[in-house]
Amino acid sequence: MAKESTTVQCYPSDEKINKKIKEYESFGWEVTESQRVEERTGTYYSTTYHLLTFTREKNNTWYKEVTELEKQYHEKLEKRSAEYETSPDYPKFSTLEKVLFYLSIFTLAAIVIPFVVMICCEVLKYYWIFILIPFILIASIIGIIHKHRIKKYNAELDEWHALHDQKLEAMQKEADKIAEKASEIVNA
């Protein structure tokens, strides 16, 4: 009796574990071990996941056909995952914007602190307001530009979803059909 086994890691929720078990059972796998694992990566951080170990007989009459279907199934899921990676990236501040922002903050601090001291001494009572205006404008312009980028990103993301959601759903349905076909062969 030749057997093969595989171990799969999944998120530790009953729903996801049961879904993963059902998926593997479709291809003739049987659960032999189920284990919750918690790894500590430091004093405060830990990662929790579930390890499922499956085995199946290589001597079954359906083995070759089902393994071919399983291969097709995983290829479909990989294509589906790759399709998700084509979604637009979240906008980030450019290097120039970061430099201007931090420069304005540090310059503002370097100028405002002495003027606050002078204001307390009633020297140059309202002059400091004119020094603040350029820095407030720079920060506002950077904020407006970033807000515009986010709005553009959201529009691109909506457009991406409109084009790809049906395609992703179709890919998932194709993968599910392959799993159903394999399940029928295994359970026949």
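Residues numbered from 1 in each chain as written. Predicted model: local features only at pLDDT ≥ 70, side-chain atom pairs only at ≥ 80, totals over all residues. Heavy atoms only, no water.

Draft legend 1. How the structure looks around the sheet that holds strand β1 (residues 3–10). Taken together, the 3 strands give an open sheet; going across it, the order is β1-β3-β2, and neighbouring strands pair in antiparallel fashion. Where the open sheet ends on each side, the last strands, each with one partner, are β1 and β2 (30–40). The sheet shows a mean angle of 20° between the axes of neighbouring strands, direction not considered. Across the sheet, helix α1 (residues 14–25) touches β1, β2 and β3 (46–57), and the angle it forms with β3 is around 20°. (Pairing = 2+ DSSP bridges. Helix = DSSP H or I, 4+ residues; strand = E, 2+ residues; numbered from the N terminus. Axes fitted to C-alpha atoms, helices over the stretch in contact; angles between N-to-C directions. Contact = heavy atoms within 4.5 Å.)

Draft legend 2. Representation of the confidence of the model for the chain. Summarising the model, the chain shows a mean pLDDT of 81, and 86% of its residues fall at 70 or more. Taken element by element, the chain is modelled with least confidence in helix α3 (residues 95–120), mean pLDDT 70, and with most confidence in β1, mean pLDDT 89. (pLDDT = per-residue confidence, 0-100.)

Draft legend 3. Region of interest: the layout of surface pockets. Volume-wise, the largest pocket comes out at about 360 Å³. Forming the boundary of the largest pocket are 13 residues, of which Lys19, Glu23, Tyr73, Gln172 and Asp176 lie nearest the centre. The biggest single contributor to the lining of the largest pocket is helix α4 (residues 127–187), with 5 residues. Tallied by class, residues from the lining of the largest pocket come to 3 nonpolar, 4 polar and 6 charged. (1 Å grid on protein atoms, 1.4 Å probe; cavity = no way out; pocket = protein on both sides within 12 Å on 5 of 7 lines; lining within 4 Å. Points joined across faces, edges and corners; volume = space filled by probe spheres on them. Nonpolar A, V, L, I, M, F, W, Y, C, P; charged D, E, K, R; others polar.)

Draft legend 4. Representation of α1 within the structure. Counted at 1.5 Å a residue, the expected span for α1 with its 12 residues is 16 Å, and the 16 Å between its end C-alpha atoms agrees. Within the sequence span of α1, burial applies to Ile17, Ile21, Glu23 and Tyr24. When α1 is viewed along its axis, its buried side chains cluster within an angular range of 160° and face the same direction. Along α1, exposed side chains directed more than 90 degrees from the buried face belong to Glu15, Lys19 and Lys22. Tucked into the core, α1 has its buried residues touching β1, β2, β3 and α2 (63–84). (Expected span 1.5 Å × (residues − 1). Buried < 20%, exposed > 50% of the residue type's maximum accessible area, 1.4 Å probe, protein only. Arc of directions from axis to C-beta.)

Draft legend 5. Region of the structure containing the side chain of histidine 50. Locating histidine 50 in the fold gives a position in strand β3. On the accessibility criterion, histidine 50 (11% relative accessible area) is buried. When residues no more than four places from it in sequence are discounted, the contact partners of histidine 50 are Val8, Gln9, Cys10, Pro12, Ile17, Ser34, Gln35 and Arg36.

Draft legend 6. Summary view of the pattern of salt bridges. Under the definition given, this model contains 7 salt bridges. Among the salt bridges present, the one from lysine 3 reaches glutamate 57, with a minimum N-O distance of 3.8 Å. Of the two residues, lysine 3 is situated in strand β1 and glutamate 57 in strand β3; the sequence distance between them amounts to 54 residues. Members of the salt-bridge network, linked through shared partners, are Glu4, Arg56 and Glu70. (Salt bridge = Lys/Arg side-chain N within 4 Å of Asp/Glu carboxyl O.)

Draft legend 7. α2, seen in detail. The terminal C-alpha atoms of α2, which comprises 22 residues, lie 32 Å apart, in line with the 32 Å expected from a rise of 1.5 Å per residue. Within the span of α2, buried status applies to Tyr63, Val66, Leu69, Glu70, Tyr73 and Glu83. End-on, the buried residues of α2 take up no more than an arc of 165°, which puts them together on one face. Relative to its buried face, α2 has exposed residues pointing more than 90 degrees away, namely Lys64, Glu78 and Lys79.

Draft legend 8. Geometry of the environment of tryptophan 160. Of note, tryptophan 160 is situated in helix α4. With residues near it in sequence (within four places) discarded, tryptophan 160 still touches Glu83, Tyr84, Thr86, Ser87, Pro88, Asp165 and Leu168.

Draft legend 9. Broad picture of the packing of aromatic side chains. Evaluation of the coordinates by the stated rule reveals 3 aromatic pairs. Centre to centre, the rings of tyrosine 24 and phenylalanine 54 are 4.6 Å apart; their planes meet at 10°, and the pair counts as stacked. Here the residue tyrosine 24 occupies a position in helix α1, and phenylalanine 54 occupies one in strand β3, the gap between them amounting to 30 residues. For the pair formed by tyrosine 24 and phenylalanine 54, the shared burial category is buried. Note on phenylalanine 27 and tyrosine 73: the rings are 5.1 Å apart at their centroids and 55° apart in plane angle, and the pair reads as tilted. Here the residue phenylalanine 27 occupies a position in the loop between α1 and β2, and tyrosine 73 occupies one in helix α2, the gap between them amounting to 46 residues. Across the pair, tyrosine 73 and phenylalanine 27 agree in class, each one buried. (Phe/Tyr/Trp six-rings, centres within 6.5 Å; stacked < 30°, edge-to-face > 60°.)

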